[in-house]
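Examination of the molecular architecture
Spelled out, the chains give:
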2 protein chains.
Amino acid sequence: MPHEPFDAVDVIRAKRDGLALSDAQVDWVVDAYTRGVVAEEQMSALTMAVLLNGMSRVEIARWTGAMIASGERMDFSGLSRPTADKHSTGGVGDKITLPLAPLVASFGVAVPQLSGRGLGHTGGTLDKLESIPGWRAALTNDELMAQLEDVGAVVCAAGAGLAPADRKLYALRDVTGTVESVPLIASSIMSKKIAEGTGALVLDVKVGSGAFMKDLATARELARTMVDLGMDAGVRTVALLTGMATPLGRTAGNALEVRESLEVLAGGGPDDVVDLTVALAVEMLAGAGRPTPEAEVRAALADGRAAATWRRMIAAQGGDPDAPLPVARERLDVVADRSGVLARLDAFAVGVAAWRLGAGRSRRDEAVQAGAGVEIHVRPGEPVEAGRPLLTLHTDTPERFDRARAALDGAWDVADDAGAVDAAPLVLDRLG
Amino acid sequence: MPHEPFDAVDVIRAKRDGLALSDAQVDWVVDAYTRGVVAEEQMSALTMAVLLNGMSRVEIARWTGAMIASGERMDFSGLSRPTADKHSTGGVGDKITLPLAPLVASFGVAVPQLSGRGLGHTGGTLDKLESIPGWRAALTNDELMAQLEDVGAVVCAAGAGLAPADRKLYALRDVTGTVESVPLIASSIMSKKIAEGTGALVLDVKVGSGAFMKDLATARELARTMVDLGMDAGVRTVALLTGMATPLGRTAGNALEVRESLEVLAGGGPDDVVDLTVALAVEMLAGAGRPTPEAEVRAALADGRAAATWRRMIAAQGGDPDAPLPVARERLDVVADRSGVLARLDAFAVGVAAWRLGAGRSRRDEAVQAGAGVEIHVRPGEPVEAGRPLLTLHTDTPERFDRARAALDGAWDVADDAGAVDAAPLVLDRLG
């Protein structure tokens, strides 16, 4: 056994007592945890101390670097295209990656979207794409590179080689109540994005009931921390703070969201989904050194350029872009009990309902239903008519309707007129 | 698998966010941890949150009760004698239990001293007594009861049946930097003492460099918390706050401390050891309903009554009270480099030196040396002569001398006259 330069208890005590950890302490504790020398119960005590006592910018950067150093780094410098990536902190109905990746790629920028699966009330991008018959999430690094060079857009599962310390740490934080820490969230996200080797990165930091961050101040702190980490590591990083009080678009669920994404790629779709897709695309193209006017980006949705890239992207991973999407076996309408204007539709409640209908999972090894989810007929600001459907619930297993319906109790307000509708813009702030 | 009424992550989050845990949450989390349903890494995150965010008096009492409920409770009500116990938070040279238990028993009070072994720089009472040839620490409950009835004094190993939750939790806190929490220390000590079933309890809460608590305010908070827990549970509890800036007496080590205890039982010994033994005995006798003047307690040391009980106590557990005590094979004198008055002798440094000489252990399964330790020739306030021994180091393994000597660097000050000597009394405060 090699001699260890530090003792785990001393490192825990230092952070517990409000001290900053030294570079050497951070490097050691992350590495020793990855090697199993620092035990799970020791790391959980340390992460709780970090959550309660914080980390300085210097410590966060070092911690992120140590997580990167725990695994491999990818290198996209051999590609003929510049690279740009997007990361969302997760929301309800957040299918933006689906139209965004082919849209940006259609301008000659490579978009490597190494994604995850859903857990809890927010859906996972891979779960959504897996509702397309034949599509597979797992690619080798060589396949990823070839597709990036050829098609430009790839959405695939992140390999186990990137930041394995983060993988282990995230699983621990999930069961020990230590997820909600800005330093730990920022270093978790950015270690994977920096190790992935993207040239530019746009962060979509969600704020509101359906997001991880419920208030703007904390979301801004997280965004600032991640932008600093990215810039310090040589990644051109921008963050948009965007609203997640209400679901994005008119669907939450896997195949339901693919269908809506296809509408956007066909030049239609809900305004908020289109607007956010375009806003993020403009940032990604600028970050990749291909600044493009917003009107031209919108044109690529309307004229079929983005849709053509989508078809190639899906086909390259075994998917049939023309195959019919799965449809849930059972549906249940949720109707309005009064007429007026929809003033509020709570994103968290809709996310939980979709999850309970089978669109999401509670454990990592659970399967999801491709067709399950929530269809939204009326969005905030739109008229409601008593007795007419507000939402339709979709599932293969109708015994789930009751608990999904229960999640929606109190999830919306109907007002007499549009004056009561929250008029906050979708993009709340931009940090660069 | 039974349905669990709570989720560990919710309980951790509540304490993390500064909320008080409900009675039901406390009962469940302690019980579920004992059953292995709450994992080690979850409990360590919770204990770190408790350390940093605290617990209310109500929570501490409930937590203590839950730890008691995790195991058996003893019952001394069948004895013909009242019971009184003493607990010290641990110090250097703290051999007080050895003369104290037979002294109090010689007044007709039963003293059940369920003790532990040393870890780190403070010695363990069982380690000290095990230097007596033949003496054994393990007794069955029946043997314990019979000896309490017959001899009155028992010092033995605490059985595994008392507060098993605390046993498991203490081992976890030891490796996760979560020892130094007043609520967790208080509940750990008091759960065992209340489960043990003593009628009266005197707490010796040490303060100073050689103690766990370095400052008076924290020591007082710990003492107050423990006294409240004891009184609420129907145990007549008193705490003395006593100084531990300098070692107790003139020895630190196993057989060395037994020898000094025998001097006290023979009516001699260092003043501080005698004074503290008498002060604690007076409190224990009063708590047990046998109030006794201090002069009479002192007389029982001088006239051999306590010594007679000591001989019966040692013999009842297989020890030979007349057998020669082990002596270390090697000695090294540490001499003064100037003359004057010893102004300070640091308890922590002497404790670490004794530990490094072989009197203590670093791991629970390590053996200790019976003869190892530090002999103190000059105590604070006494004259020092340049070139004359201040201390003598004892060990069977002379390669340990260097590291023991290093621990003593800067451990004492010599002043020109007695004006520089700290004149704080041994007993700093009393809480009842």
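Up top is the structure these notes are about.
Below is a short write-up of the structure. As the structure is a computational prediction, the values presented were derived from the model and not from experiment.

A few words on the relation of the copies chain B and chain A. Note on the copies: chain B fits chain A at an RMSD of 0.0 Å, the axial shift is 0.0 Å, and the rotation between them is 180°. As the rotation angle and translation indicate, the two copies are arranged about a two-fold axis. Residue B:E41 of chain B places its C-alpha closer to the rotation axis than any other residue of that unit, at 1.9 Å. The overlap is high: 100% of the interface residues of chain B also sit at the interface in chain A, so the same surface is used on both sides.

Residue and element names in this part refer to chain B. Strand order in this open sheet of three strands is β10-β8-β12, and the pairing throughout is antiparallel. In this open sheet, the two edge strands, each paired with only one partner strand, are β10 (383–384) and β12 (412–415). Taken together, the two bridges between strand β8 (residues 340–345) and β10 define a ladder with antiparallel strand orientation. Bridging from a neighbouring strand, V341 pairs with P383 of β10.

Moving on, we get to the pairing of strand β4 (residues 200–207) of chain B. Residue and element names in this part refer to chain B. Taking burial as the measure, the eight residues of β4 include eight buried ones, the bulk of the element. The alternating pattern of β4 places A200, V202, D204 and K206 and L201, L203, V205 and V207 on opposite faces, both of which are buried. Judged from the five bridges that link them, strand β1 (residues 84–88) and β4 form a sheet pairing that is parallel. When the sheet's bridge partners are listed, H87 is paired in β4 with L203. Considered for its hand, the β-α-β crossover made up of β4, helix α10 (residues 216–232) and strand β5 (residues 236–243) is right-handed.

Moving on, we get to the packing of aromatic side chains. Summed over the entire model, instances satisfying the criterion amount to two aromatic pairs over all chains. Just above the ring of A:Y33 sits the side chain of A:K168; from NZ or CZ to the centre is 4.4 Å.

Definitions and cut-offs
- Residues numbered from 1 in each chain as written.
- Chains lettered and ligands numbered in written order.
- Predicted model: local features only at pLDDT ≥ 70, side-chain atom pairs only at ≥ 80, totals over all residues.
- Heavy atoms only, no water.
- Least-squares fit on C-alpha atoms with pLDDT ≥ 70 in both.
- Contact = heavy atoms within 4.5 Å.
- Pairing = 2+ DSSP bridges.
- Helix = DSSP H or I, 4+ residues; strand = E, 2+ residues; numbered from the N terminus.
- Buried < 20%, exposed > 50% of the residue type's maximum accessible area, 1.4 Å probe, protein only.
- Right-handed = clockwise from strand over helix to strand, strands pointing away.
- Phe/Tyr/Trp six-rings, centres within 6.5 Å; stacked < 30°, edge-to-face > 60°.
- Lys NZ or Arg CZ within 6 Å of the ring centre and 35° of its normal.

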